[in-house]
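What follows is the residue order along each chain.
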Amino acid sequence: TYFDNVLLHNDTIVRTEGFCTDVFFESALAWIKEQHEAKQAYFAYISLNAPHGPMYAPEDYKKRLLDEGYDENTAARYGMIENIDDNFGQLMQKLVEWQALENTLVIFMTDNGMSMAPIKQVKEKIMPFNAGMKGKKNSAWEGGTHVPAFWYWKGVLDEGVDVAALTAHVDLYRTFAELA
């Protein structure tokens, strides 16, 4: 499940408590804070397994969606996404609080396109939004490969710039690791 996992942390097996996305962000924030306070350059790569099947999310993230009539699977998927939003927002708030944004490049991106089938909500089907792109996850079509990549570096990068070049997270990771 996505709760109370046993994970390998560096060379130690640890039992965690809570939802995996929260655990990953809490750990990353603690480590980033240590690096920041020590005035050490750092490279933090927070790679999540959510949103991904099987669909599980904390109950408080699913409740509103279940109350609106969404099925358990859909409520869990969107609950996972809202949880990521909250954790990413907390990361940004901490970077502001620590006055670290002037010297920090923050990148948010995903690895593949949409994967959801039509959603049955009460009596009607709702088609997941894919911006009119053909294909979905596991296809070579744009709907399976076109994903967001938001880059923020206060005072360095301009806002609202759209780059049309084709690239993927696997193209960037090695470069960033080398730079760090």
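Residues numbered from 1 in each chain as written. Predicted model: local features only at pLDDT ≥ 70, side-chain atom pairs only at ≥ 80, totals over all residues. Heavy atoms only, no water.

Here's the deal with the packing of aromatic side chains
Step number 1: Tallied over the full model, the rule gives 10 aromatic pairs.
Step number 2: The interplanar angle of 85 degrees and the centroid separation of 6.0 Å between the aromatic rings of W31 and Y42 together place this pair among those described as edge-to-face. Here W31 is found in helix α1 (residues 20–37), whereas its partner Y42 is found in the loop between α1 and α2 (59–67), with 11 residues between them in sequence.
Step number 3: Overall, W31 belongs to the partly exposed group, its relative accessible area being 33%.
Step number 4: Overall, the relative accessible area of 26% leaves Y42 in the partly exposed class. (Phe/Tyr/Trp six-rings, centres within 6.5 Å; stacked < 30°, edge-to-face > 60°. Helix = DSSP H or I, 4+ residues; strand = E, 2+ residues; numbered from the N terminus. Buried < 20%, exposed > 50% of the residue type's maximum accessible area, 1.4 Å probe, protein only.)

Some points on the environment of M92
Step number 1: Relative to the assigned elements, M92 resides in helix α3 (residues 72–97).
Step number 2: In this structure the C-alpha to C-alpha distance between M92 and V106, which are 14 residues apart in sequence, comes to 8.7 Å.
Step number 3: Among all residues touching M92, those that are not within four sequence positions of it are L101, V106 and Y152. (Contact = heavy atoms within 4.5 Å.)

Looking at the packing of α1 against α3
Step number 1: In contact at an axis separation of 10 Å, α1 and α3 are set at 10 degrees when each is read in the N-to-C sense. Classified by the interaxial angle, the pair formed by α1 and α3 is roughly parallel. Along the contact surface, α1 presents T21, D22, F25, L29 and I32, while α3 presents N83, I84, N87, F88, Q90, L91, K94 and L95.
Step number 2: Here the contact of α1 with α3 is built from residues that sort into seven nonpolar, four polar and two charged. (Axes fitted to C-alpha atoms, helices over the stretch in contact; angles between N-to-C directions. Parallel < 35°, antiparallel > 145°, perpendicular 65-115°, else oblique. Nonpolar A, V, L, I, M, F, W, Y, C, P; charged D, E, K, R; others polar.)

A look at the pattern of salt bridges
Step number 1: On inspection of all chains with the given rule, the structure shows eight salt bridges.
Step number 2: For the salt bridge of E68 with R64, the shortest nitrogen-to-oxygen distance reads 3.3 Å.
Step number 3: Residue class for E68 comes out partly exposed when judged on its relative accessible area of 41%.
Step number 4: Judged by relative accessible area, R64 falls into the partly exposed class, the value being 39%.
Step number 5: The shortest N-O distance in the salt bridge between E82 and R64 comes to 2.1 Å. (Salt bridge = Lys/Arg side-chain N within 4 Å of Asp/Glu carboxyl O.)

Remarks on α3
Step number 1: Compared with the 38 Å implied by 1.5 Å per residue over 26 residues, the 37 Å span of α3 between its first and last C-alpha is a close match.
Step number 2: Taken residue by residue, α3 has T74, A75, A76, R77, G79, M80, N83, I84, N87, L91, M92 and L95 as its buried positions.
Step number 3: The N-capping residue of α3, defined by a side-chain oxygen 3.0 Å from the backbone nitrogen of N73, is D71.
Step number 4: In the stretch just after α3, Q99 is the one whose phi turns positive, near 55 degrees. (Expected span 1.5 Å × (residues − 1). Polar contact = N/O pair within 3.5 Å; in protein donor to acceptor, adjacent residues only side chain to side chain.)

Looking at the side chain of T16
Step number 1: Structurally, T16 can be placed in the loop between β2 (12–15) and α1.
Step number 2: The contact partners of T16, leaving out residues within four places of it in the chain, are D4, N5, L7 and V23.

Looking at the environment of Y152
Step number 1: Note that Y152 resides in strand β6 (residues 149–152).
Step number 2: Considering only alpha carbons, one finds Y152 and A76, 76 residues apart in sequence, at a separation of 29 Å.
Step number 3: Every residue in contact with Y152, bar those within four places of it in the chain, is listed here: M92, L101, T104, L105, V106 and L157.

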